[in-house]
Amino acid sequence: MVVNVHQFAQWKRAGRTIAVLTAWDYLSAQMVQAAGTDIVLVGDSMAMPVMGHETTIPLTLEEILHHTKMVRRAIQNTLVVVDLPFLTYHASRSAALLAAGRVLKETGAQAVKMEGGYPDMVETIASVVRAGIPVMGHVGLTPQSVYTFGSFQKQGKTDEDAKRILGEAIALEDAGVFSIVLEHIPSDLARKISEKLTIPTIGIGAGPGCDGQVLVTSDLWGLSEWQPPFAKTYVNLREQAIEAAQQFCEEVRSHQFKL
Ligand code: KIV
């Protein structure tokens, strides 16, 4: 399957907004594909709701490769973008190339996402793009830097920080990324960045002025115990799943279960 990542910039020019959902296994991927998502993101956010970690930092490359293979088996015609986990692409450009290359070669996904827009990271991302690997950027609240931020708090609230994030987004576009996630930044800043760039911005907690929106699907489905304040939950599947399981347990214990 050939996927053309440049179509997203064409969509931006045509005013077609982009819907992105995460998936972490075969079932979740089948369902987001059936729902018509434009991009499937195998996000490292899975480290938290799916794997029970407190941050995305412990997730390994082997783990995300394993999950991406499950996702990829379900997906036919949709672009699959995979997060490179923390510290698989920071140490050197060759480390980044090898990690991104493994994602494409071993899973059949077509693009990677890399966090950060500081000068060294922009250079690293440019070298991955030059190797023929499409990259989605990610600025604003970059969860892999949570210990530097001190919490999962909104970024870009001061003029200086907003200017820095805008500069990072421009540098990433110049480095060749095909789109950029803007996470948890003020909506006027997200709108300004979206107007400035020719590639699409994909927002999460960044207001309606972005060229697309992404949700962590376990938040959308209400599966997790906890959701970030900017997550939109459309259904409470957690409650329904617990109730169904409780009903089963009660039927078994009261000898009502028949099949
Ligand atoms: O890991 C993830 O799911 C993400 C989205 C929140 C953009 O990076």
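Placed above this text is the structure.
The present account deals with the structure reproduced in this document. (Residues numbered from 1 in each chain as written. Predicted model: local features only at pLDDT ≥ 70, side-chain atom pairs only at ≥ 80, totals over all residues. Heavy atoms only, no water.)

## What to know about the packing of helix α2 (residues 26-35) against helix α3 (residues 61-74)
Following both chains from N to C, one finds α2 and α3 inclined at 40 degrees, their axes separated by 7 Å at the closest point. When the axes of α2 and α3 are compared, the pair comes out oblique. Between α2 and α3 lies a crossing of right-handed hand. Where α2 approaches α3, its residues Tyr-26, Ala-29, Gln-30 and Gln-33 are matched on the opposing element by Met-70, Val-71, Arg-73 and Ala-74. Within the contact of α2 with α3, the residues separate by chemical class into five nonpolar, two polar and one charged. (Axes fitted to C-alpha atoms, helices over the stretch in contact; angles between N-to-C directions. Helix = DSSP H or I, 4+ residues; strand = E, 2+ residues; numbered from the N terminus. Parallel < 35°, antiparallel > 145°, perpendicular 65-115°, else oblique. Left-handed = near helix turned anticlockwise from the far one by under 90°. Contact = heavy atoms within 4.5 Å. Nonpolar A, V, L, I, M, F, W, Y, C, P; charged D, E, K, R; others polar.)

## Considerations on the layout of surface pockets
Think of a ball as big as a water molecule: rolled over the atoms, this probe shows where empty space is left. Put simply, the largest pocket is a space of about 560 Å³. Lining the largest pocket are 27 residues, and of these Ser-45, Met-48, Val-216, Asp-219 and Pro-228 sit closest to its centre. Per-class residue counts for the lining of the largest pocket are 14 nonpolar, seven polar and six charged. Of the volumes computed, that of the second largest pocket is approximately 360 Å³. In terms of lining, the second largest pocket is formed by 20 residues, of which the most central are Gln-213, Val-214, Leu-215, Lys-232 and Tyr-234. (1 Å grid on protein atoms, 1.4 Å probe; cavity = no way out; pocket = protein on both sides within 12 Å on 5 of 7 lines; lining within 4 Å. Points joined across faces, edges and corners; volume = space filled by probe spheres on them.)

## Notes on the packing of aromatic side chains
Tallying each qualifying case throughout the model produces four aromatic pairs. Taking the centre distance of 5.2 Å and the plane angle of 85 degrees together, the rings of Phe-8 and Trp-11 count as edge-to-face. Of the two residues, Phe-8 and Trp-11 both sit in helix α1 (residues 7-14), three residues apart, roughly one turn of that helix. Taken individually, Phe-8 and Trp-11 each receive the classification buried, so the pair is uniform in this respect. Taking the centre distance of 6.2 Å and the plane angle of 75 degrees together, the rings of Trp-24 and Trp-221 count as edge-to-face. Taken together, the positions of Trp-24 in the loop between β1 (18-22) and α2 and Trp-221 in the loop between α9 (217-220) and α10 (237-253) put the pair 197 residues apart, joining distant regions of the chain. As far as burial versus exposure is concerned, Trp-24 and Trp-221 are alike and both buried. Three or more aromatic residues link up through ring pairs in this structure, and these residues are Phe-8, Trp-11 and Phe-178. (Phe/Tyr/Trp six-rings, centres within 6.5 Å; stacked < 30°, edge-to-face > 60°. Buried < 20%, exposed > 50% of the residue type's maximum accessible area, 1.4 Å probe, protein only.)

## Notes on the pairing of strand β7 (residues 201-204)
One face of the sheet, then the other: side chains in a regular strand alternate in exactly this way. Burial along β7 is two-sided: the face carrying Thr-201 and Gly-203 and the face carrying Ile-202 and Ile-204 are both buried. The pairing of strand β6 (residues 179-183) with β7 spans four bridges and is classified as parallel. Paired with Glu-183 across the strands is Ile-204, a residue of β7. Taking the sense of rotation as the criterion, the β-α-β connection linking β6, helix α8 (residues 187-196) and β7 turns out right-handed. Pairing of β7 with strand β8 (residues 212-215) involves two bridges; the strand directions are parallel. Looking at β8, one finds that Gly-203 is bridged to Gln-213. (Pairing = 2+ DSSP bridges. Right-handed = clockwise from strand over helix to strand, strands pointing away.)

## A look at the site of the ligand
With respect to spatial proximity, 13 residues lie near the ligand, and among them Gly-43, Asp-44, Ser-45, Asp-83 and Lys-113 are the closest. A distance of 3.0 Å is found between an oxygen atom of the ligand and a side-chain nitrogen or oxygen belonging to Asp-44. Between the ligand and Lys-113 there is a distance of 2.8 Å, counted from an oxygen atom to a side-chain nitrogen or oxygen. Out of a free accessible area of 260 Å², the ligand has 96% covered by protein chains. The cavity where the ligand resides is the largest pocket. Broken down by class, the residue content of the shell around the ligand amounts to five nonpolar, four polar and four charged. (Near = heavy atom within 4 Å. Polar contact = N/O pair within 3.5 Å; in protein donor to acceptor, adjacent residues only side chain to side chain. Areas by Shrake-Rupley, 256 points an atom, 1.4 Å probe, with all protein chains shown as cover. Sits in = over half its atoms within 2 Å of the grid points.)

By themselves, these figures tell us nothing about what the structure is for.
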